[in-house]
Amino acid sequence: MTKAAAAPRGVLHRWAEILPLSDKTPRISLGEGETPLVRSVHLAGLCGLDELWFKLEMCNPTGSFKDRGMVVAVAKAIEEGAHAIMCASTGNTSASAAAYAARCGIDCFVLVPGGKVAAGKMAQAIAFGSKIIEIDGNFDEALNAARELTARHPVALVNSVNPFRIQGQKTAAFEICESLGDAPDILAIPVGNAGNITAYWKGFGECAELGRATLHPRMYGFQAAGAAPIVRGEPVREPHTVATAIRIGNPASWKSAVSARDESGGLIEAVTDDEILEAYRLLAHKEGLFVEPASAASIAGLMKLGREGRIRGGRAAAVLTGNGLKDPDTAIAQYRPDVTKASATAESVERALGW
Ligand code: F0G
């Protein structure tokens, strides 16, 4: 018997029926999507929930949810004849863009806020061979520059203002409905540039239309308190937070995030860095899930609402957007290492352990 080739995987294969693909769209893949949905054992109660499910978007090939949308944006850019792509990024979009550009043999230009991108994400952009431009400014300024540059030069913009990114990212909502047999009561998600909350709301709407879900979840978005323009109702000129991924003061998809909140009967609220870091530690210590700080914002938000008695049961899904390995500096600063030295004998290790 000959060995069968592995079945093609990835968002463009798995979700072709709900994506705007043509015969000419190259079916590229790094095996993104179909991420695990794992049930919480310890934190659900703290949030006042009957059930809490974690969508492990950190399990995508570059370690964040960005791969779902990037694969569609890059495939469509290539279909339209592009030889180069560009994005502004707090680190994950650039890691993802750089990976797909490397895979497809096209150029990738990334504009990042100087000194504000976590080490692992910079390492990815470097490893994939992208051209990195460190901006003397924040993400919002970098995105303005990227928009202008891509209007002037034959380079495709692959930030989430590119509608193909939203199309790809909506597939996660389909996967959640498929795994749970319906939409959850609540979808908790960190909000930065607000592309992902927009994509999930679109996805859940389509699931309901297609009969794949009977309910629409309430969308619960969480911003970092020092970078919470939607909560404050005005842009934040100098955003700051330990969750550098969502250090954004003027989100491009602001309006659609507000629509997602209001149409779903949900909320967008702020969580402090201390609350984010508490959830970050609890996710690792109590659930075995090492995420980056931005991803912990949604759990911080649910815990806060739970403590305030504003959640009374029900089923929530929380999107864990990025891998903790991307930000080793925050991990080292936040966890107290329990390390003892010993020589390489059982007796010595016993002595070190006090056994
Ligand atoms: N979580 C992580 C880990 C992120 O990297 C981002 C955004 C978000 C949440 C927020 O998602 O922007 O769709 O509201 N990162 C972008 C980037 C801005 O450049 O990597 P959003």
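Residues numbered from 1 in each chain as written. Predicted model: local features only at pLDDT ≥ 70, side-chain atom pairs only at ≥ 80, totals over all residues. Heavy atoms only, no water.

*Asks:* For this particular structure, what's the right way to read the layout of surface pockets?
*Replies:* The method is simple in principle: a probe with the dimensions of a water molecule rolls over the atoms, and the space it marks as empty is what remains. Its boundaries defined by the atoms lining it, the largest pocket holds a volume of some 220 Å³. Forming the walls of the largest pocket are 14 residues, and the residues nearest its centre are Asn138, Asp140, Glu141, Asn144 and Asn250. Residue composition of the lining of the largest pocket, by class: six nonpolar, four polar and four charged. (1 Å grid on protein atoms, 1.4 Å probe; cavity = no way out; pocket = protein on both sides within 12 Å on 5 of 7 lines; lining within 4 Å. Points joined across faces, edges and corners; volume = space filled by probe spheres on them. Nonpolar A, V, L, I, M, F, W, Y, C, P; charged D, E, K, R; others polar.)

*Asks:* Can you walk me through the sheet that holds strand β5 (residues 131-135) in this structure?
*Replies:* The strand order across the open sheet formed by four strands is β5-β4-β3-β6, and the pairing between neighbours is parallel. Strands at the two margins of the open sheet, each flanked by one partner only, are β5 and β6 (156-157). Across five bridges, strand β4 (residues 107-113) lies against β5 in parallel orientation. The residue of β5 that forms the bridge with Pro113 is Ile135. (Pairing = 2+ DSSP bridges. Helix = DSSP H or I, 4+ residues; strand = E, 2+ residues; numbered from the N terminus.)

*Asks:* What am I meant to see in the packing of aromatic side chains here?
*Replies:* The description of two aromatic rings rests on the distance between their centres and on the angle between their planes. Inspection of every chain in the model, using the stated rule, returns five aromatic pairs. Ring geometry for Trp15 and Phe174: centres 5.5 Å apart, planes at 55°, overall tilted. Of this pair, Trp15 sits in the loop between α1 (11-14) and β1 (37-39) while Phe174 sits in helix α8 (residues 171-180), and the two are 159 residues apart along the sequence. The pair formed by Trp15 and Phe174 is uniform in burial state, with each residue classed as buried. Put simply, the rings of Tyr280, Phe290 and Tyr335 pair up and form one aromatic cluster. Here the basic side chain of Arg14 rests over the ring of Trp15, its NZ or CZ set 4.0 Å away from the ring centre. (Phe/Tyr/Trp six-rings, centres within 6.5 Å; stacked < 30°, edge-to-face > 60°. Buried < 20%, exposed > 50% of the residue type's maximum accessible area, 1.4 Å probe, protein only. Lys NZ or Arg CZ within 6 Å of the ring centre and 35° of its normal.)

Purely spatial values, then, with no claim about function.
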